[in-house]
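A structural walkthrough
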Amino acid sequence: MSSSPLATSLDVEPRPGSPAILRVDSPGNAASWAAEHRESLRAQVTEHGALVVRGLRLRDADRAGAVFAELAGVLMTEREAFAPREPLGPGLYSSTAWPANQPMCMHHELSYTLEVPGLMLFACLSAPDEGGATAVADAEEVLKALPAGLTERFEREGWLLTRSYNDEIGASLAESFGTEDRGEIERYCRSHAIDFHWQPDGSLRTEQRRSAVVRHPLTGRRCWFNQIAFLNEWTLAPEVREYLVDEYGADGLPFNTRYGAGTPIGEDVVQLLNATYEKHTRREPWQAGDLLLVDNIRTAHSREPFTGERQVVVGMAEPQRLADGCPTPEASER
């Protein structure tokens, strides 16, 4: 993709193995600086898929939130979260609660929803001692690198996310749907193409079928866009998977993924997906005050294991309803 005039107005440093990085000289008012350079920054994200901005000194949530608002306008309220976050302001959240010693493998945020964030914004208030990078991978390149037979199957069938809500693992009903009212939850599910089943113990199980490959709404390029590997049982640490299967049964895991027709996905396929992501991973260790902007459709992101105190705040913006985001049997037969 050729650079636009806006994309070249900032001195961005593209580097192999790392996201593109822009170093700035600590503006006194980071939000005003972000407002002034908003179009150039967004052009850089379109150009590179992800951009680290270093030097804004985003050391507290208010300063980060002000920058997010100038760059993206109104931030999205998260729905269908798979794990808890702490709300820090309108559309501003802590990073997902996840064990520090366990990786969060590559994924596209909320790729299982009908309205997905087009832009992810991250700010590092305090950096970990070791590890903890929010790494990125180009979804166009990942799609090209995967075996054609596998991607063609997923393109035909889509992928299926199954969830079993409980009071112990993952997000609660209130955290995921914004309410515990059964009627409201059922209305949400019906309007968002989610099949739901209330269990005898009062818990909820859901299934939703989504596309694994979509066209980017701006570039038209095909992207591997999903959370097939991240939310699959075979990505879990073996001891965690064993515990969850013993506790909830193979069909009652808090979350799992399948082929769109409902067939289980083999461990070998999940390992292949994660290995392909790893070959295309770019990472830059966090420094306190960093800003990271990610095109959520073109670029997957992860969170690597870490030690020490890591505080990263997150915003989601530019909601997109992808024309090919929810496959139908009729579309699969064409």
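If you're wondering where the values come from, they're calculated on a predicted model, not measured in any experiment.

1. Structural notes on the sheet that holds strand β10 (residues 159-164)
Read across the sheet, 4 strands follow the order β11-β12-β10-β15 without closing on themselves; strand pairing throughout is antiparallel. Edge positions in the sheet fall to β11 (195-198) and β15 (255-259), since each has one partner strand and no second. Pairwise comparison of adjacent strand axes, ignoring direction, gives a mean angle of 15° for this sheet. Examined bridge by bridge, β10 and β15 share 5 bridges and lie antiparallel to one another. Within β15, the position partnered with L161 by the bridge is T257. In the packing of helix α5 (residues 148-157) onto the sheet, the strands contacted are β10, β12 (204-210) and β15, and the crossing angle to β15 comes to about 100°.

2. Brief notes about the confidence of the model for the chain
Model confidence for the chain is summarised by a mean pLDDT of 92, while 94% of its residues fall at 70 or above. For the stretch residues 1-8, pLDDT sits under 50, and the model shows 15 contacts to residues farther than four places along the chain or on other chains. Confidence drops under a pLDDT of 50 for residues 329-334, and excluding neighbours within four residues, the segment shows 4 contacts in the predicted structure.

3. Things to note about the packing of aromatic side chains
The final tally for this structure, using the stated rule, is 8 aromatic pairs. Taking the centre distance of 6.0 Å and the plane angle of 80° together, the rings of F82 and F255 count as edge-to-face. Taken together, the residues F82 in the loop between α3 (61-72) and β4 (87-89) and F255 in strand β15 connect sequence positions 173 residues apart. Both residues of the pair, F82 and F255, count as buried. Geometrically, the ring pair formed by F154 and W224 is edge-to-face, given 5.7 Å between the ring centres and 75° between the ring planes. Taken together, the residues span a long stretch of sequence, with F154 in helix α5 and W224 in strand β14 (residues 222-224) at a distance of 70 residues.

4. Comments concerning α5
Among the residues of α5, L150, T151, F154 and E157 are the ones counted as buried. For α5, the angular spread of the buried residues around the axis is 140°, confining them to a single face.

5. Focus: the pattern of salt bridges
Tallying each qualifying case throughout the model produces 20 salt bridges. With its nearest N and O atoms 2.6 Å apart, the salt bridge here joins R38 to E39. Here E39 falls in the partly exposed class, since its relative accessible area comes to 44%. Put simply, R283 and E278 hold a salt bridge, and the shortest N to O gap is 3.4 Å.

6. Looking at the packing of helix α2 (residues 38-48) against α3
Two quantities define a packed helix pair, namely the angle between the helix axes and the distance between the axes. At a closest axis distance of 9 Å, the pairing of α2 and α3 adopts a crossing angle of 80°. Accordingly, the angle class assigned to the pair α2 and α3 is roughly perpendicular. Residues R38, L41 and R42 of α2 form the contact with α3, whose participating residues are E70, L71 and A72. The class makeup of the residues in the contact of α2 with α3 is 3 nonpolar, no polar and 3 charged.

7. Let's talk about the sheet that holds strand β20 (residues 311-320)
The strand order β1-β2-β3-β17-β7-β20-β5-β4 describes an open sheet built from 8 strands, whose pairing is mixed. Both edges of this open sheet fall to β1 (12-15) and β4, since each of them pairs with a single strand only. Taking each pair of neighbouring strands and ignoring which way they run, the sheet shows an average axis angle of 25°. Both β1 and strand β2 (residues 18-23) contribute to a ladder of 3 bridges, which runs antiparallel. For E13, the partnering residue across the bridge sits in β2 and is I21.

8. Quick notes on the pairing of β2
For β2, a buried count of 5 out of 6 residues is recorded, marking the element as mostly surrounded by other parts of the structure. The hairpin turn running from β1 into β2, its antiparallel successor, is 2 residues long, and G17 in that turn takes a positive phi close to 80°. Bridge analysis of β2 against strand β3 (residues 50-58) gives 4 bridges, and the strand direction is parallel. Bridged to R23 within β3 is R54.

9. Some words on a negative patch on the surface
A cluster of like negative charges, contributed by D167, E168, E180, E239, E242, D246 and E247, occupies part of the molecular surface. Of note, E180 is situated in the loop between α6 (173-177) and α7 (182-191).

10. Topic: the side chain of E80
Structurally, the position occupied by E80 is in the loop between α3 and β4. Among the polar contacts listed, one links the side chain of E80 to the side chain of Q208, at a separation of 2.9 Å.

11. Section: α7
Residue pairs three or four apart in sequence face the same way in an α-helix, which turns once every 3.6 residues. Residues of α7 that are buried include every one of I185, E186, Y188 and C189, and no others. Along the long axis of α7, the arc covered by the buried residues comes to 160°, so they all point the same way. On its buried face, α7 is in contact with α6, β11 and β12. Its side-chain oxygen placed 3.1 Å from the backbone nitrogen of G183, D181 serves as the N-cap of α7. Within two residues after α7, A193 carries a phi angle of roughly 55°, on the positive side.

Cut-off values and rules
Residues numbered from 1 in each chain as written. Predicted model: local features only at pLDDT ≥ 70, side-chain atom pairs only at ≥ 80, totals over all residues. Heavy atoms only, no water. Pairing = 2+ DSSP bridges. Helix = DSSP H or I, 4+ residues; strand = E, 2+ residues; numbered from the N terminus. Axes fitted to C-alpha atoms, helices over the stretch in contact; angles between N-to-C directions. Contact = heavy atoms within 4.5 Å. pLDDT = per-residue confidence, 0-100. Phe/Tyr/Trp six-rings, centres within 6.5 Å; stacked < 30°, edge-to-face > 60°. Buried < 20%, exposed > 50% of the residue type's maximum accessible area, 1.4 Å probe, protein only. Arc of directions from axis to C-beta. Salt bridge = Lys/Arg side-chain N within 4 Å of Asp/Glu carboxyl O. Parallel < 35°, antiparallel > 145°, perpendicular 65-115°, else oblique. Nonpolar A, V, L, I, M, F, W, Y, C, P; charged D, E, K, R; others polar. Patch = residues over 30% accessible without salt bridge, like charges linked within 9 Å, V, L, I, M, F, W, Y side chains within 5 Å. Areas by Shrake-Rupley, 256 points an atom, 1.4 Å probe, with all protein chains shown as cover. Lys, Arg positive; Asp, Glu negative; His and termini not counted. Charge placed at Lys NZ, Arg CZ, Asp CG, Glu CD. Polar contact = N/O pair within 3.5 Å; in protein donor to acceptor, adjacent residues only side chain to side chain.

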